[in-house]
Structures are given as C-alpha cells and as structure tokens.
Amino acid sequence: MSLEPVTFRPIGIVHSPYKEKVGTPIQPSFDNTPGTIEIFAPYQEGLEGIEGFSHIYVLYVFDRAAEVKLKASPFLRDITVGVFAMRAPSRPNPIGLSVVELKAREGGLLRVVGLDMLDKTPVLDIKPYAPKFDIREVTRLGWMEGAMEDTSRHRADARFGE
Ligand SMILES: C[S@@+](CC[C@H](N)C(=O)[O-])C[C@H]1O[C@@H](n2cnc3c(N)ncnc32)[C@H](O)[C@@H]1O
C-alpha cells in the first residue's frame, strides 16, 4: 500500500553551536549545550503559554542525513538493528525528536539547553513535555540494555548511526 506524499512547512530553525555531525551529542540528555530555536513570525502566536513549561519536545528534519538504510549500527553499540529500533538520522522520513530544557522565551526566540541538533536544522513542531502523559515504566530496553554507560555520548565516528 502507498499513500500520497505528505508535505510539511518548517515553523522555525535551530541555532546550535554544532556545525558538523562529529562531536554533536547523540541525545540532548547527554549535554548542557545552550542554543536557541527561532520560530518564524507567522507562527509566533502559537508559542503563547510555552514559557510555563520547563521542557519541550522539538520535532525537526534531519536535513543533512546520509542515505536511508533500513538496517544500520546505532551510535551506542557496534551491532546492526532495524532503523525503527533506533534513533539514527538516516530514516525513510528523517524526523528528529528531542526533549530540551526551555530556559526562556523572548518573543519568537526560545532559549534552550541540551541540543543534539546541527545548526540551521529546520523545525517542524514544538510541544510541551508533560511527565504525566509521557513517562512510562519500561520493562524491556532491547539492545540499549547495558549499552548506555560504557560508550561515548558524543558522536565520535561517522560509521555509526548514519
Ligand atoms: C542520534 S540523533 C538523535 C536525535 C533525536 N534526539 C532523536 O532521538 O530523534 C542525534 C545526532 O543526529 C545528528 N544530527 C543532528 N542534526 C542533524 C541534521 N539536521 N541533519 C542530519 N543529522 C543531524 C548529529 O550527529 C547528532 O549527534
């Protein structure tokens, strides 16, 4: 079965100190890097109330992802798994999801901490992070079990996670 393509329009852009993939944190929780998310003028009204939240979800496009691979090696472990079992940028729909801390809103500018996005990454959506809705007690962590502590938290090698 195939559906019609879906088109999204970026609502903003990430301003991040990370200009290249190597050295960029592999998840926001692994870093305290400050940056800003600029929401474009036509969408700024939609930010009303977001300053009341300490954390937000940012949905964005991996606009510099390498070619799509349905199986690859995740950043955290030297194994091969399916793309939907990991968080790598190269995926059929290159959508990224990061929870970042929202320090302040200045009009259409969100001052955030904890970036794993490259500079100039196009932003698709912002949502408030709500523990009541989103925290789950997990009972299985697949290949990630035991993988988190002993491996690098920044992208060090272009081989992994493409
Ligand atoms: C493993 S992904 C995780 C992203 C997100 N937290 C998620 O789970 O969807 C993070 C890596 O994506 C890469 N990356 C960040 N922004 C990108 C962009 N605009 N295009 C391609 N790759 C990007 C960087 O190498 C970064 O270390």
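Scroll up for the structure.
Residues numbered from 1 in each chain as written. Predicted model: local features only at pLDDT ≥ 70, side-chain atom pairs only at ≥ 80, totals over all residues. Heavy atoms only, no water.

### With respect to the nonpolar core
Formally: For the purposes of this section, nonpolar cores are sets of buried Ala, Val, Leu, Ile, Met, Phe, Trp, Tyr and Cys residues that join through side-chain atoms within 4.5 Å. For each residue, the accessible area found with a 1.4 Å probe, counting protein chains only, is set against the maximum for its type, and the residue is called buried under 20%, exposed over 50%, and partly exposed in between. Numbering goes from the N terminus for both helices and strands, where a helix is a DSSP run of H or I of at least four residues and a strand is a run of E of at least two. Between two residues, a contact is recorded if the distance between any of their heavy atoms is within 4.5 Å.
Counting 18 residues, the largest nonpolar core has Ile 37, Ile 56, Val 58, Leu 110, Val 112 and Ile 126 as the members making the most contacts within it. Among the elements that line this core, the one with the most residues is strand β3 (residues 55–61), at three residues. Leave out the neighbours within four places in its chain, and Val 112 touches Thr 33, Pro 34, Gly 35, Thr 36, Ile 37, Ile 56, Val 100, Glu 101, Leu 102 and Lys 103. Grouped together as the second largest cluster of nonpolar side chains are nine residues, Ala 72, Val 81, Met 86 and Trp 143 included.

### Structural notes on the packing of aromatic side chains
Where we set the bar: Ring pairs shown here join Phe, Tyr and Trp side chains whose ring centres sit within 6.5 Å, with only the six-membered ring taken for Trp; geometry is labelled stacked below 30 degrees between planes, edge-to-face above 60, and tilted in between.
Under the defined criterion, the tally for this structure stands at two aromatic pairs. Between the aromatic rings of Tyr 57 and Tyr 129, the centroid separation amounts to 5.5 Å while the plane-to-plane angle is 70 degrees, which identifies the pairing as edge-to-face. On the criterion of sequence distance, the pair formed by Tyr 57 in strand β3 and Tyr 129 in the loop between β8 (122–128) and α1 (131–134) is long-range, its members being 72 residues apart. Of the residues examined, Tyr 57 reaches a relative accessible area of 16% and is grouped as buried. When the ring of Tyr 60 is compared with that of Phe 62, the centres are 5.4 Å apart and the planes differ by 80 degrees; the resulting orientation is edge-to-face. Residue class for Tyr 60 comes out buried when judged on its relative accessible area of 2%. You can call Phe 62 buried: its relative accessible area is 19%.

### Focus on the site of the ligand
Defined as follows: In this text, near means that some heavy atom of the residue lies within 4 Å of the molecule or strand in question. Any pair of N or O atoms that falls within 3.5 Å is considered a polar contact. Within protein, one atom must be able to donate a hydrogen and the other to accept it, and sequence-neighbouring residues count only if both atoms are side-chain atoms. Here, Shrake-Rupley sampling with a 1.4 Å probe gives the accessible areas, and only protein chains in the shown set may cover a residue. Three classes are used: nonpolar for Ala, Val, Leu, Ile, Met, Phe, Trp, Tyr, Cys and Pro, charged for Asp, Glu, Lys and Arg, and polar for all others, with Gly counted as polar.
Taken together, 23 residues form the shell around the ligand, and within it Pro 25, Gln 27, Asp 63, Arg 87 and Asp 116 come nearest. Between the ligand and Asp 63 there is a distance of 2.7 Å, counted from a nitrogen atom to a side-chain nitrogen or oxygen. Bound to the protein, the ligand loses 98% of the 600 Å² it would expose on its own. Within the residue set of the shell around the ligand, elements represented by two or more residues are β3 and β6 (95–106). Among the elements that make up the shell around the ligand, the one with the highest residue count is β6 (three residues). Partitioned by chemical class, the residues of the shell around the ligand number 12 nonpolar, five polar and six charged.

### Quick word on the pairing of strand β7 (residues 109–113)
Cut-off, in case you're wondering: Here, strands pair whenever DSSP counts at least two bridges between them.
Sheet topology note: the strand β2 (residues 34–39)/β7 ladder contains five bridges and is antiparallel. Bridge pairing in β7 links Gly 35 to Val 112. Of the pairings in the sheet, the one linking β6 to β7 comprises five bridges and is antiparallel in character. Counterpart to Arg 105 in the pairing with β7 is Leu 110.

### With respect to the sheet that holds β3
Note the threshold: The angle between two axes is taken between their N-to-C directions and runs from 0 to 180 degrees, where each axis is a line fitted to C-alpha atoms and a helix contributes only its stretch in contact.
One closed barrel accounts for six strands, arranged β1-β2-β7-β6-β3-β8; its pairing is antiparallel. For this sheet, the mean angle separating the axes of adjacent strands, direction not counted, is 45 degrees.

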